[in-house]
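Descriptive structure summary
Below are the chains, spelled out letter by letter.
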Amino acid sequence: MPQLSLHTPLGEVTLSEDEGAIVALDWGRGSEQEATPLLREARDQLHDYFDGKRVQFQLPLAPHGTPYQRRVWSALRAIPAGETRSYAEIAREVASHPRAVGQANGRNPIPILIPCHRVVAANGALGGYSGLDGPETKRYLLALEARSLNLPFPSLF
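Description of the environment of N108
Within the element layout of this structure, N108 appears in the loop between α4 (98-106) and β5 (119-120). For N108, a relative accessible area of 7% puts it in the buried group. Those residues within four positions of N108 in sequence are excluded, and the remaining contacts are W73, I114 and C116. A polar contact is formed between the side chain of N108 and the backbone nitrogen of I110, at a distance of 2.8 Å.

Below you can see the structure in the form of structure tokens.
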């Protein structure tokens, strides 16, 4: 499976491609590096994101997961940049329970590109994040999007 690592303000991340789609974004450097056209495009879009020039991604994504997880991840992709939704709101959208949404979020294989960082607790608290430095990484990504869109920082900052 082709992989390409890149430097970000959060450290190194590695993108993985399978059958013409991005299937994973992992924290850290991958051991195998193969710069396919898709992985180069994903790298460039992520650099633009971290430079504040982009908040949406135009990439084919094919996360491996259960049908339920894929429904949740699809709902996450519909959350506009600079906005958040609660676990309960996503649960209502996919006819589920907030705890199950949280579990699906935690298994998201393509964080940032599938914006699980845009999901917060019902009371507006930041909630958890399974990537890198946990809630600090989530806070960083939300602040980055707010700055990119010239929005005020939400109260969870």
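Here the narrative resumes, following the displayed structure.
Brief notes about the nonpolar core
Formed by 36 residues in total, the largest nonpolar core has its most connected members in L15, I22, L46, L76 and L113. Per-element accounting of this core gives the leading share, 6 residues, to helix α1 (residues 37-50). When residues no more than four places from it in sequence are discounted, the contact partners of L15 are P2, Q3, L4, L6, I22, A24, L25, L39, A42, R43, L46 and L113.

What to know about unusual backbone geometry
With a phi angle near 50°, E19 is a residue other than glycine that sits in the positive phi range. Within the secondary structure, E19 is located in the loop between β2 (11-18) and β3 (21-27). With a relative accessible area of 79%, E19 lands in the exposed category. Notably, I112 is not glycine yet its phi reads approximately 75°, a positive angle.

Looking at the sheet that holds strand β1 (residues 3-8)
Here we have 3 strands laid out as an open sheet, ordered β1-β2-β3, and antiparallel in their pairing. At either margin of the open sheet sits one strand with a lone partner, and together these are β1 and β3. Each adjacent strand pair in this sheet contributes to an overall mean axis angle of 25°, direction not counted. Where α1 meets the sheet, it contacts β1, β2 and β3, and its direction lies at approximately 15° from that of β1.

Thoughts on the packing of helix α2 (residues 67-77) against α4
How two helices pack is summed up by the angle between their axes together with the distance between the axes. Where α2 contacts α4, the two axes come as close as 9 Å, and the packing angle between them is 85°. Classified by the angle their axes make, α2 and α4 are roughly perpendicular. Touching Y68, Q69, V72, W73 and L76 of α2 are A100, V101, A104 and N105, all from α4. For the contact of α2 with α4, a count of residues per class yields 7 nonpolar, 2 polar and no charged.

Conventions and cut-offs
Residues numbered from 1 in each chain as written. Predicted model: local features only at pLDDT ≥ 70, side-chain atom pairs only at ≥ 80, totals over all residues. Heavy atoms only, no water. Helix = DSSP H or I, 4+ residues; strand = E, 2+ residues; numbered from the N terminus. Buried < 20%, exposed > 50% of the residue type's maximum accessible area, 1.4 Å probe, protein only. Contact = heavy atoms within 4.5 Å. Polar contact = N/O pair within 3.5 Å; in protein donor to acceptor, adjacent residues only side chain to side chain. Core = buried A, V, L, I, M, F, W, Y, C linked by side-chain atoms within 4.5 Å. Pairing = 2+ DSSP bridges. Axes fitted to C-alpha atoms, helices over the stretch in contact; angles between N-to-C directions. Parallel < 35°, antiparallel > 145°, perpendicular 65-115°, else oblique. Nonpolar A, V, L, I, M, F, W, Y, C, P; charged D, E, K, R; others polar.

Take it as geometry only, folks, not as evidence of what the structure does.
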